[in-house]
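# Working through the structure, step by step
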Amino acid sequence: MSFLWFGDKHRGTPEHAALADPEQFRTRTHKKLDAPDVILPYLARSGFATVARIPHIHIDTSFVMALLERWRPETHTFHFPTGECTITLEDVSMLLGLRVNGNAVAGPTKVDLDLWEEFLGVQPPRTALKGRMVLISWLKSLLANNPVNENSTVGHLTTYTKNVNLLLIGLSLMPGKTSKYVHLMWVPLLQDLDRCNTYSWGSAVLAYLYREICKSVNVEVDGMGGCVELLQAWGYTRLAFLAPITSELPSFPYAARFFIWRPYINLPPLDNNDHTIWNATVPIICFWIVEWHQSDRVKLQFGFHQEVPPPPRCLKEHHEMTMKESWRTPYTQLYRREHQKWRNVARHCLTGPTVDPHSMPTNDYMTWYRSLPYTYASGNQWLVDPRTQPSSSQMPPTQPQTFNIPPFAQPSSSNIYDQPSQNYQTPQQPQSSYNPTQHQTQYTPL
């Protein structure tokens, strides 16, 4: 029975892909605020200084939709003709500069409305509130009417910075589908600047984006929230031939220039030990949202030999959870197993044979991968391993492809959350001296 159970509503089927209309699909992003230089030290204390430096990025909706067509919600990976790949904790750390190695972003979502005044220095008017959410436009006007400069007090600078951090979340990092409001639940985590920098904002952004992508692969969904800038920057980084061309050398945070011609191994990471857990196979958490970082399916992205992966973790229970549903359980009791795994994240990092950073998937892996019973957006002529084919001069002309859509298997009713991985017979790769976590500081001209 196949683990790829999402059926004919997936926007990646040839029929849906042929009818895709970028004009009818919206991404929830706003033009970012320019953070004044005077608050940069305060942004650094809170952990948002690097991401605040990324300018507004124009979103190519056609490119985003093309990526969505290749996303599988069952595995949290993109299925390209060359194999599985995905957005990882490493990508978040390197592209956005957000902390990854820290406490899970979680807490109560039912928060007292009086906290707005304590956080902002003023209580929002009723017209700016919707339940526990506040209008983003009102927060912007609050900043505009209370500017900061070199003569501002520490208290004013601190309050201004906290408002900027909240807007970064609501505008870019984790915008909801409404895109007009930001929730009060973030406020307790942003209240103290130093404590704010102890949270794993990077894993929260990735969990939120995973959830939005998983919902948006349904062809009936007309838009998505989450950090679409991260999705696009990842695509430009991994699919560099599609990226806008620039003559500038990349600099941190790397999403500011859209793409990197070479892998991250040639670029210096943020110095906070994040790299030690980039490849962990763990649940990533953002309040009631729990998604799996299935790094064991994309080991080549971390320099490890990729064998045929085990079946993915069952995500049905997690995908059905909503904020309202989470109210049924005290937040301290919600997803206790997942929080425990995240606290012990270092124990779940990848191990095994390493390979050269330019290695490709093995023939055995590709034979398994091509046997999966799901519809490819690409024609069959692009799914053949070139290492097993004669040279192009000996190949017959390519004929137009007729897509035969195989039936989709139904999802398994069993939960394999805690089941051990299945063992597959794969050829042994020779050991290499390459260290997947090594980063060199030399830049190579583009």
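Let me sum up the structure you'll find in this document. Please read all numbers here as calculations on a predicted model, not as lab measurements.

What counts and how
Residues numbered from 1 in each chain as written. Predicted model: local features only at pLDDT ≥ 70, side-chain atom pairs only at ≥ 80, totals over all residues. Heavy atoms only, no water. Helix = DSSP H or I, 4+ residues; strand = E, 2+ residues; numbered from the N terminus. Buried < 20%, exposed > 50% of the residue type's maximum accessible area, 1.4 Å probe, protein only. Pairing = 2+ DSSP bridges. Contact = heavy atoms within 4.5 Å. Axes fitted to C-alpha atoms, helices over the stretch in contact; angles between N-to-C directions. Parallel < 35°, antiparallel > 145°, perpendicular 65-115°, else oblique. Left-handed = near helix turned anticlockwise from the far one by under 90°. Nonpolar A, V, L, I, M, F, W, Y, C, P; charged D, E, K, R; others polar. Arc of directions from axis to C-beta. Phe/Tyr/Trp six-rings, centres within 6.5 Å; stacked < 30°, edge-to-face > 60°. Lys NZ or Arg CZ within 6 Å of the ring centre and 35° of its normal. Core = buried A, V, L, I, M, F, W, Y, C linked by side-chain atoms within 4.5 Å. Patch = residues over 30% accessible without salt bridge, like charges linked within 9 Å, V, L, I, M, F, W, Y side chains within 5 Å. Areas by Shrake-Rupley, 256 points an atom, 1.4 Å probe, with all protein chains shown as cover. Salt bridge = Lys/Arg side-chain N within 4 Å of Asp/Glu carboxyl O. Lys, Arg positive; Asp, Glu negative; His and termini not counted. Charge placed at Lys NZ, Arg CZ, Asp CG, Glu CD.

Despite not being glycine, His76 has its phi angle at roughly 60 degrees, a positive value. Secondary-structure assignment places His76 in the loop between β2 (71-72) and β3 (77-80). Its relative accessible area of 1% is what places His76 among the buried residues. Positive phi, close to 55 degrees, is recorded for Phe287, a residue that is not glycine. Inspection of the secondary structure puts Phe287 in the loop between β9 (282-286) and β10 (289-293). Residue class for Phe287 comes out buried when judged on its relative accessible area of 5%.

Pairing within the open sheet is antiparallel, and its 3 strands lie in the order β5-β6-β7. Of all the strands in the sheet, just β5 (129-130) and β7 (181-183) have a single pairing partner and so form its edges. Bridge count for strand β6 (residues 133-135) against β7 is 3 bridges, and the pairing is antiparallel. Looking at β7, one finds that Met133 is bridged to His183. Lying over the sheet, helix α7 (residues 136-145) contacts β6 and β7, oriented at roughly 60 degrees with respect to β6.

The next point concerns the packing of α7 against helix α8 (residues 154-173). Direction vectors running N to C along α7 and α8 enclose 150 degrees, while the axes themselves pass 10 Å from each other. It follows from the interaxial angle that α7 and α8 lie roughly antiparallel. When you trace α7 past α8, the crossing you get is left-handed. Contacts between α7 and α8 involve Ile136, Leu139, Lys140, Leu142 and Leu143 on the former and, on the latter, Tyr160, Asn163, Val164, Leu166, Leu167, Gly170 and Leu171. Residues that form the contact of α7 with α8 fall into these classes: 9 nonpolar, 2 polar and 1 charged.

Right, let's get into the sheet that holds β2. An order of β2-β3-β4 is seen for the 3 strands of this open sheet, with the pairing classed as antiparallel. Because the sheet does not close on itself, it has two edges, and the strands there are β2 and β4 (83-85). Bridge count for β3 against β4 is 3 bridges, and the pairing is antiparallel. Bridge pairing in β4 links His79 to Glu84.

The next subject is helix α16 (residues 363-370). Within the sequence span of α16, burial applies to Tyr365, Met366, Trp368 and Tyr369. For α16, the angular spread of the buried residues around the axis is 160 degrees, confining them to a single face. Elements in contact with the buried residues of α16: β3 and β4.

Another aspect to go through is the packing of aromatic side chains. Scanning the entire structure with this criterion turns up 12 aromatic pairs. Taking the centre distance of 6.3 Å and the plane angle of 40 degrees together, the rings of Trp186 and Trp201 count as tilted. Of this pair, Trp186 sits in the loop between β7 and α9 (187-190) while Trp201 is found in helix α11 (residues 201-216), placing the two residues 15 residues apart along the sequence. Trp201 matches Trp186 in its accessibility class, with the two residues each being buried. An aromatic cluster of at least three residues, connected via ring pairs, comprises Phe48, Trp186, Tyr199, Trp201 and Phe287. Over the ring of Trp327 we find Lys110; its NZ or CZ atom is 4.6 Å from the centre of that ring.

It is worth spelling out the nonpolar core at this point. Ranked by size, the top nonpolar core spans 104 residues in total, and within it Phe48, Leu96, Trp186 and Trp201 carry the most contacts. No other element matches the 10 residues that α11 contributes to this core. Val308, Tyr365, Met366 and Leu372 belong to the second-largest nonpolar core, a separate cluster that totals 6 residues.

What follows covers a positive patch on the surface. Side chains of Arg26, Lys130, Lys177 and Lys180 sit close together on the surface and give a patch of like positive charge. When you line up the elements, Arg26 lands in strand β1 (residues 26-27).

Glancing now at the pattern of salt bridges. With the rule as written, the count across this model stands at 9 salt bridges. With a closest N to O distance of 3.5 Å, Glu220 and Lys9 form a salt bridge. Taken together, the residues span a long stretch of sequence, with Glu220 in the loop between α11 and β8 (223-224) and Lys9 in the segment before α1 (14-18) at a distance of 211 residues. The class for Glu220 is exposed, based on a relative accessible area of 57%. Among the ionic pairs, Lys299 bridges to Glu307, the shortest N-O distance being 2.6 Å.

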